[in-house]
Amino acid sequence: MSHRDGILVERKVTYALEADGEFYLIENVPARVNVETGEQYFSPKTVDRLRQVVLRHQQPDRTITLPVYEYTELA
């Protein structure tokens, strides 16, 4: 399978999402991944499921603590 001159392979990826100031990680999401660029493509069904997970505020499988840094230009 190819897309824009790149080969796509089926993989499970971790999807990061921000909604209403909250961050979510969803693991093991099926995607087609361009082996050259790493760009990820999701089916419409998968996108709908990702929205449902966040909108329904499902109980997470686990919770992690995440450090946050402010980006600053080097002087």
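Residues numbered from 1 in each chain as written. Predicted model: local features only at pLDDT ≥ 70, side-chain atom pairs only at ≥ 80, totals over all residues. Heavy atoms only, no water.

Scanning the model with the defined rule gives 1 aromatic pair in all. Their ring planes at 85 degrees and their centres at 5.3 Å tell us that Tyr15 and Phe42 sit as a pair that is edge-to-face. In this pair, Tyr15 sits in strand S2 (residues 6–19) while Phe42 sits in the loop between strand S4 (40–41) and helix H1 (44–55), placing the two residues 27 residues apart along the sequence. (Phe/Tyr/Trp six-rings, centres within 6.5 Å; stacked < 30°, edge-to-face > 60°. Helix = DSSP H or I, 4+ residues; strand = E, 2+ residues; numbered from the N terminus.)

Once that is clear, we can look at the layout of surface pockets. What the largest pocket holds in volume is close to 930 Å³. Every residue lining the largest pocket is counted, 26 residues in all, and those nearest its centre are Tyr24, Leu25, Ile26, Pro60 and Arg62. For the lining of the largest pocket, the secondary structure elements donating two or more residues are S2, strand S3 (22–34) and H1. Element by element, the count of residues in the lining of the largest pocket is highest for S3, at 9 residues. (1 Å grid on protein atoms, 1.4 Å probe; cavity = no way out; pocket = protein on both sides within 12 Å on 5 of 7 lines; lining within 4 Å. Points joined across faces, edges and corners; volume = space filled by probe spheres on them.)

Looking at the protein chain, pLDDT values average 89 and 92% of them are 70 or higher. Looking over the protein chain, one finds the lowest element-wise mean pLDDT in strand S1 (residues 2–3), namely 51, and the highest in S4, namely 97. (pLDDT = per-residue confidence, 0-100.)

Judged by nonpolar contacts, Val13, Ile26, Val29, Ala31, Val33, Leu50 and Val54 together constitute the single largest core of 7 residues. Within the residue set of this core, elements represented by two or more residues are S3 and H1. Per-element accounting of this core gives the leading share, 4 residues, to S3. With residues near it in sequence (within four places) discarded, Ala31 still touches Val9, Glu10, Arg11, Val13, Tyr41 and Phe42. (Core = buried A, V, L, I, M, F, W, Y, C linked by side-chain atoms within 4.5 Å. Buried < 20%, exposed > 50% of the residue type's maximum accessible area, 1.4 Å probe, protein only. Contact = heavy atoms within 4.5 Å.)

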